[in-house]
Amino acid sequence: GSLAAEAHTTMTDTSWTTKTAAAQDTRPVSSAVHTGYDAAEKTEDGIPLYGMDKELAAKAAAKRDPKKEQEARGWIEALTGMSLDGTLQEALKSGIVLCALASAIKPGVCKKASTMAMPFKQMENISNFLDACTKLGVGKHDLFQTVNLYENKDMNSVLLTLEALGRVASKMPDYKQEWPTFGAKLADKSVRHFDNETLAKGKAAQTFIGRGSTGQANQSGMVDTSRNIGKMDHVKGVEKLGGDGSVTAVGMGSHGHASQAGTVDTSRNIGKMDKVKGVEGFGKDGTATAVGMGSHGHASQAGTFDTSKDIDKMKNVKGDGVDELGKEGISAINLGSTGLASQSGMYDTSKDID
């Protein structure tokens, strides 16, 4: 019992503490500022704008061109004969004026507009106008969405559609000359016909990629030579060099010849053989030159050795048959000390024991 009473007291105290803390916390849930209807920004129809709708409306307002809207108003009034009251969006919102515009450009291209003020009927009129624009040749990417005009979300896209319609309408056969134009003028179609000879030349012609930026099939004209300095303008004697097959100034060199003649200065050469006598004509008629003859004055080695002091080493050698040695083919050296041309008698065999 005491435990239950203590638990009940604890829970009661906790609940009271939580409620007290919540009552004391007066901080706002978020920092967002909530704007009432009276202070909120509104469209021309009085619809308040909040959040993303407000941002999109601001972007559309930045793109809005009052001058272009005035031109569009004058163009529509001239073609339809109707006077537009209020803003352009208010005058076109019902779709009646737009259907009349399409029918003025080409009768019967657009369904008859409903004059009922109900929103879905007015939006249906706008849809019929967009279908008529497609039949007249306006691209689907140039068409605005019905909600952009009816709810005034993007009048800039509406103006772009009217400009596209004005471009196409100016080429229509029913378009009157006194009517003004709206939008850029479309280019006239220019059909060109070529004969077979011209077509054949075109097939063999160099392509734009092959020609490059110079407009030539080669590299001619790729380098700007208008500011080049004439480095050879003051050099004399180089006229027409290289034009007729002759040697150019570079090939001739500073000595003025196409060969190496004159490239070596021989004016200071020393004549080393000028004072040598007896060498005239050497080497020109096939005879031996002074270098070939040598100091002994012969073209061979005759006389190159001095034999006046040679000693006759065999002059004092005595013995039978020495004078005739060598004449029969065997020299004294070959005979040896045994006096024979072989090894006979070279060994003493008298004391050999059998």
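Higher on the page you've got the structure.
Residues numbered from 1 in each chain as written. Predicted model: local features only at pLDDT ≥ 70, side-chain atom pairs only at ≥ 80, totals over all residues. Heavy atoms only, no water.

A. Structural view of the overall build of the protein chain. Across its full length, the protein chain holds 13 helices and two strands. Taking all 354 residues of the protein chain together, 18% fall into the buried category. Element-wise, carbon and sulfur atoms account for 53% of the exposed surface of the protein chain, whose accessible area totals about 28100 Å². (Helix = DSSP H or I, 4+ residues; strand = E, 2+ residues; numbered from the N terminus. Buried < 20%, exposed > 50% of the residue type's maximum accessible area, 1.4 Å probe, protein only. Areas by Shrake-Rupley, 256 points an atom, 1.4 Å probe, with all protein chains shown as cover.)

B. How the structure looks around the environment of Glu-163. Within the secondary structure, Glu-163 is located in helix H8 (residues 155-169). Along the chain, Glu-163 and Ala-184 lie 21 residues apart, while their C-alpha atoms are 7.6 Å from each other. Once residues within four sequence positions are removed from consideration, Glu-163 is found in contact with Lys-68, Phe-182 and Gly-183. (Contact = heavy atoms within 4.5 Å.)

C. Expanded view of the layout of surface pockets. In this structure, the largest pocket spans a volume of roughly 580 Å³. In terms of lining residues, the largest pocket is bounded by 23 residues, among which Leu-56, Ala-57, Ala-60, Asn-152 and Lys-153 are the most central. Elements supplying a minimum of two residues to the lining of the largest pocket: strand S1 (41-42), strand S2 (48-49), helix H2 (51-63) and H8. Take the lining of the largest pocket: its biggest share by element is nine residues, from H2. Grouping the constituent residues of the lining of the largest pocket by class yields nine nonpolar, three polar and 11 charged. (1 Å grid on protein atoms, 1.4 Å probe; cavity = no way out; pocket = protein on both sides within 12 Å on 5 of 7 lines; lining within 4 Å. Points joined across faces, edges and corners; volume = space filled by probe spheres on them. Nonpolar A, V, L, I, M, F, W, Y, C, P; charged D, E, K, R; others polar.)

D. Spotlight on helix H6 (residues 119-136). For H6, spanning 18 residues, the distance from its first C-alpha to its last is 26 Å, which sits close to the expected 26 Å at 1.5 Å a residue. Here H6 has its buried residues at Gln-122, Asn-125, Ile-126, Asn-128, Phe-129, Leu-130, Ala-132, Cys-133 and Leu-136. Considering only its buried residues, H6 is in contact with helix H5 (96-105), helix H7 (146-150) and H8. Once H6 ends, the next one or two residues include Gly-137, with phi positive near 115°. (Expected span 1.5 Å × (residues − 1).)

E. Representation of the packing of aromatic side chains within the structure. For the structure on display, the rule yields two aromatic pairs. Residues Trp-75 and Phe-182 carry aromatic rings whose centres are separated by 5.5 Å and whose planes lie at 25° to one another, so their mutual orientation is stacked. With Trp-75 in helix H3 (residues 66-80) and Phe-182 in the loop between H8 and helix H9 (196-204), this pair connects stretches of sequence that are 107 residues apart. In this structure, Trp-75 and Phe-182 share a single accessibility class: buried. Measuring from centroid to centroid gives 5.2 Å for Tyr-175 and Trp-179, while their planes differ by 80°, and the two rings are edge-to-face. Accessibility assignment for this pair places Tyr-175 and Trp-179 in one class, buried. Sitting over the face of the ring of Tyr-150, Lys-93 holds its NZ or CZ atom 4.9 Å from the ring centroid. (Phe/Tyr/Trp six-rings, centres within 6.5 Å; stacked < 30°, edge-to-face > 60°. Lys NZ or Arg CZ within 6 Å of the ring centre and 35° of its normal.)

F. Structural detail: the nonpolar core. Ranked by size, the top nonpolar core spans 39 residues in total, and within it Phe-129, Leu-162 and Leu-165 carry the most contacts. Of all the elements, H8 adds the most residues to this core, at eight residues. Not counting chain neighbours up to four residues away, the residues in contact with Phe-129 comprise Leu-98, Cys-99, Leu-101, Ala-102, Cys-110, Phe-144, Leu-162 and Leu-165. (Core = buried A, V, L, I, M, F, W, Y, C linked by side-chain atoms within 4.5 Å.)

G. Inspection of the pattern of salt bridges at higher detail. Applying the stated criterion across every chain yields a total of five salt bridges. The partner of Glu-151 in a salt bridge is Lys-153, and the shortest N-O contact between them spans 3.7 Å. Between Lys-201 and Glu-197 there is a salt bridge, with its nearest N and O atoms 3.9 Å apart. Here the residue Lys-201 and the residue Glu-197 both occupy positions in helix H9, the gap between them amounting to four residues, near one helical turn. (Salt bridge = Lys/Arg side-chain N within 4 Å of Asp/Glu carboxyl O.)

H. Examining the packing of H3 against H5 more closely. It is the contact of H3 with H5, at a shortest axis distance of 9 Å, that shows an interaxial angle of 60°. By the angle class used here, H3 and H5 are oblique. At the point where H3 passes H5, the crossing takes the left-handed sense. Contacts from Trp-75, Ile-76, Leu-79 and Thr-80 of H3 reach H5 at Val-97, Ala-100, Leu-101, Ala-104 and Ile-105. Along the lines of polarity and charge, the residues of the contact of H3 with H5 split into eight nonpolar, one polar and no charged. (Axes fitted to C-alpha atoms, helices over the stretch in contact; angles between N-to-C directions. Parallel < 35°, antiparallel > 145°, perpendicular 65-115°, else oblique. Left-handed = near helix turned anticlockwise from the far one by under 90°.)

I. Main features of the state of the cysteines. Taken as a whole and assessed by the stated rule, the structure comprises zero disulfides. With no disulfide of its own, Cys-99 has Cys-110 as its nearest cysteine by sulfur position, at a separation of 3.7 Å. (Disulfide = S-S within 2.5 Å.)

J. Representation of the environment of Gln-145 within the structure. For Gln-145, the location among the structural elements is in the loop between H6 and H7. On the basis of relative accessibility, which here comes to 53%, the residue Gln-145 falls in the exposed class. When the C-alpha atoms of Gln-145 and Thr-161 are compared, they prove to be 10.0 Å apart, with 16 residues separating the residues in sequence.

K. Looking closely at the packing of H6 against H8. Where H6 meets H8, the axes come as close as 10 Å, and the angle between the chain directions of the two elements is 40°. The pairing of H6 with H8 is recorded here as oblique in orientation. Every pair of crossing elements has a handedness; the one defined by H6 and H8 is left-handed. Residues Phe-129, Cys-133 and Leu-136 of H6 form the contact with H8, whose participating residues are Leu-162, Leu-165 and Val-168. Across the contact of H6 with H8, the residue classes tally to six nonpolar, no polar and no charged.

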